[in-house]
Amino acid sequence: MKDTADFVHWFRSAAPYIHGFRGKTFVIAFGGELVADGGFVQLAHDVNLLNSLGVRLVLIHGVRPQVEARLTENGTAIRYVNGLRVTDDAALACVKEAAGTVRVEIEALLSLGLANTPMAGADIRVASGNFVTAQPLGVRDGVDLLHTGEVRKIDAAAIRRRLDQHDIVLLSPIGYSPTGEIFNLSLEDVATQAAIELAADKLVFLIDTEGVPQDDADAESPKGLASAQLADPERAIHNALTVNEARQVLEKARSLPEDITYYLPCAIAACTQGVKRAHFISRHRDGALLSELFTRDGVGTLITPAPLETLRAASIDDVGGILGLLEPLEREGVLVRRSRELLEMEIERFLVLESDGVIAGCAALYPFPEEQAAELACLAVSKEFRGRGFGDLLLAEAEKRGKKAGFKKLFVLTTRTEHWFEERGFIDSSPDHLPKSKQALYNYKRKSKVLQKTL
């Protein structure tokens, strides 16, 4: 029974994501290792689920281990310059063979439809072709990279037509020139440019590590609005980073895993050119894609153009979200009940802290201009977001706005959170020190503690 209740709770919590993802474009990139070690079987199940939910999917695969194996078998030298393969004629032949083999294997796994499997009833159509135009990288550091190229153009219009037909588009790390040449491309280049040209909603990299690792200094820093600090200490990775924070990681980190050094600049480039979100998740964790996409905190690292959390004045559209925050506390007797009608009338008094489109916290300021004082009321943070410093952020913003309005004093009435406010500079007071109009409304049955703070 408990397992059933947990499932129902999870499924309900996933509903907003299910609604929000329908019709959105996700670009998912993974190295050839995922196919070589059999991990794509599980990913195929998750891709099938996303496809069935109406997500428009573009998959980009790599072929590095397959190419290395073929070069080794043939006794051909493996040459790199600053991480870029020198693709001579022999290496290009291996690239073409590996790309064709991997593509066919992926298409086969996406075509599974056996009964009693997650793919049962799947009717997935995979589209691939010459969607990528490339050009040579040329000479780098005095070395001609030969058939190694870079993306020149992604035929986004053609890809969209296939997505409109509910196909999954599969891109290989190979590009073609108008003169008929073939170029070996990097997985990250194809994925990044495809995501940018398609204005993708998400760019997902499946990598060897759990996500972008925290530096030792990051792990000790206090939690706040900067979502870079919201990490699971056991994994010691960043839960989320803005583009600016990601740049700082690249500049300041003492050491980073190889795949992060390749992919993090790509995520930054994508998010600064129209891609709404980039994700790093472990290819070794079964179900990581679903856990990252359909849970609040995810299991990897999220890169966003701007902070996920924003503080702003509330609007009438926020009434439902604020009520959802206040009602559990009202039932517990922590807050005095406010009706929807009263909340709508007083909405201009409220601040909200929004996290990725969800109202995570709120607070209200009620002015008493004659006494140059203001009451801080309805300070609440959703249970799902507690422990992240959101209450401190709301308090700091309320104090800032109170000072700007010319108030000299901030006071609160509380029955449960006296110590929290005292730890933040409030001192014990009494109802006699409340503004006259507030004294007349004081409920002596509740016996709320009165605390105040000089601004």
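Residues numbered from 1 in each chain as written. Predicted model: local features only at pLDDT ≥ 70, side-chain atom pairs only at ≥ 80, totals over all residues. Heavy atoms only, no water.

Student: Honestly, the overall build of the protein chain in this entry has me stumped. Any pointers?
Tutor: A count of helices and strands for the protein chain gives 16 helices and 23 strands. Referenced to the eigenvectors of the C-alpha coordinate spread, the extents of the protein chain come out at roughly 90 × 55 × 40 Å. Taking all 455 residues of the protein chain together, the buried fraction comes to 48%. Surface accessibility of the protein chain: about 22,300 Å² in total, with carbon and sulfur atoms responsible for 50%. (Helix = DSSP H or I, 4+ residues; strand = E, 2+ residues; numbered from the N terminus. Buried < 20%, exposed > 50% of the residue type's maximum accessible area, 1.4 Å probe, protein only. Areas by Shrake-Rupley, 256 points an atom, 1.4 Å probe, with all protein chains shown as cover.)

Student: When you look at the packing of aromatic side chains in this model, what are you seeing that I'm missing?
Tutor: How two aromatic rings sit relative to each other is set out by the distance from centre to centre and by the angle between their planes. Per the counting criterion, the structure on display carries 14 aromatic pairs. Each ring, one from F21 and one from F26, has its centre 5.2 Å from the other, and the planes form 80°; the classification is edge-to-face. F26 matches F21 in its accessibility class, with the two residues each being buried. With a centroid separation of 5.0 Å and 85° between ring planes, the pair formed by W420 and F421 is classed as edge-to-face. Using a relative accessible area of 25% as the deciding quantity, one classes W420 as partly exposed. With a relative accessible area of 7%, F421 lands in the buried category. Through a chain of ring-to-ring contacts, three or more aromatic side chains come together here, namely Y17, F21, F26 and F294. (Phe/Tyr/Trp six-rings, centres within 6.5 Å; stacked < 30°, edge-to-face > 60°.)

Student: Can you help me understand a nonpolar patch on the surface in this one?
Tutor: Among the surface-exposed residues, F7, V8, W10 and F11 lie close enough to one another that they form a single nonpolar patch of about 380 Å² accessible area. Within the fold, V8 resides in helix α1 (residues 2-21). (Patch = residues over 30% accessible without salt bridge, like charges linked within 9 Å, V, L, I, M, F, W, Y side chains within 5 Å. Salt bridge = Lys/Arg side-chain N within 4 Å of Asp/Glu carboxyl O.)

Student: Which parts of the structure should I look at to understand the sheet that holds strand β15 (residues 277-282)?
Tutor: The strands making up a sheet associate through backbone hydrogen bonding, with each pair oriented either parallel or antiparallel. In space, the 8 strands of this open sheet follow the order β5-β10-β2-β1-β13-β15-β16-β14, with mixed pairing throughout. Strands at the two margins of the open sheet, each flanked by one partner only, are β5 (126-127) and β14 (240-242). In the sheet, strand β13 (residues 202-207) pairs with β15 via 6 bridges, with the strands oriented parallel. Bridging from a neighbouring strand, V204 pairs with H279 of β15. Set on the sheet, helix α7 (residues 187-197) makes contact with β1 (25-30), β2 (56-61), β10 (168-171) and β13; between it and β13 the angle comes to about 165°. Contacting β13, β15 and β16 (301-304), helix α10 (residues 258-271) runs over the sheet at an angle of about 160° to β15. (Pairing = 2+ DSSP bridges. Contact = heavy atoms within 4.5 Å. Axes fitted to C-alpha atoms, helices over the stretch in contact; angles between N-to-C directions.)

Student: What should I look at first to understand α10 in this one?
Tutor: An α-helical turn contains 3.6 residues, so a residue and the one three or four places further along point in the same direction. With 14 residues, α10 should reach 20 Å at 1.5 Å per residue; the first-to-last C-alpha distance of 21 Å fits that figure. Taken residue by residue, α10 has D259, I260, Y263, L264, C266, A267, I268, A270 and C271 as its buried positions. Where the residues of α10 are buried, they touch α7, β13, α9 (243-252), β15 and β16. (Expected span 1.5 Å × (residues − 1).)

Student: Looking at this structure, I do not really get the packing of helix α3 (residues 40-52) against helix α5 (residues 89-110). What am I missing?
Tutor: Packed helices, taken two at a time, are described by the angle their axes make and the gap between the axes. Where α3 meets α5, the closest approach of the two axes is 9 Å, and the angle between their N-to-C directions is 55°. Judged on the interaxial angle alone, α5 and α3 are oblique. Here the hand of the crossing between α3 and α5 comes out right-handed. Here F40, V41, A44 and V47 of α3 lie close against α5, whose contacting residues are I106, L109 and L110. Split into classes, the residues belonging to the contact of α3 with α5 amount to 7 nonpolar, no polar and no charged. (Parallel < 35°, antiparallel > 145°, perpendicular 65-115°, else oblique. Left-handed = near helix turned anticlockwise from the far one by under 90°. Nonpolar A, V, L, I, M, F, W, Y, C, P; charged D, E, K, R; others polar.)

Student: Help me understand the sheet that holds strand β22 (residues 427-428) in this model?
Tutor: If you walk across this open sheet you meet the 7 strands as β17-β18-β19-β20-β21-β23-β22, and the pairing is mixed. At either end of the open sheet lies a strand with only one pairing partner, and these are β17 (309-313) and β22. Both strand β21 (residues 409-414) and strand β23 (residues 449-454) contribute to a ladder of 6 bridges, which runs antiparallel. Bridging across to β23, L410 finds its partner in K453. The sheet strands contacting helix α12 (residues 319-331) are β18 (350-355), β19 (358-368) and β20 (373-381), and the helix crosses β19 at an angle near 80°.

By themselves these figures say nothing about function.
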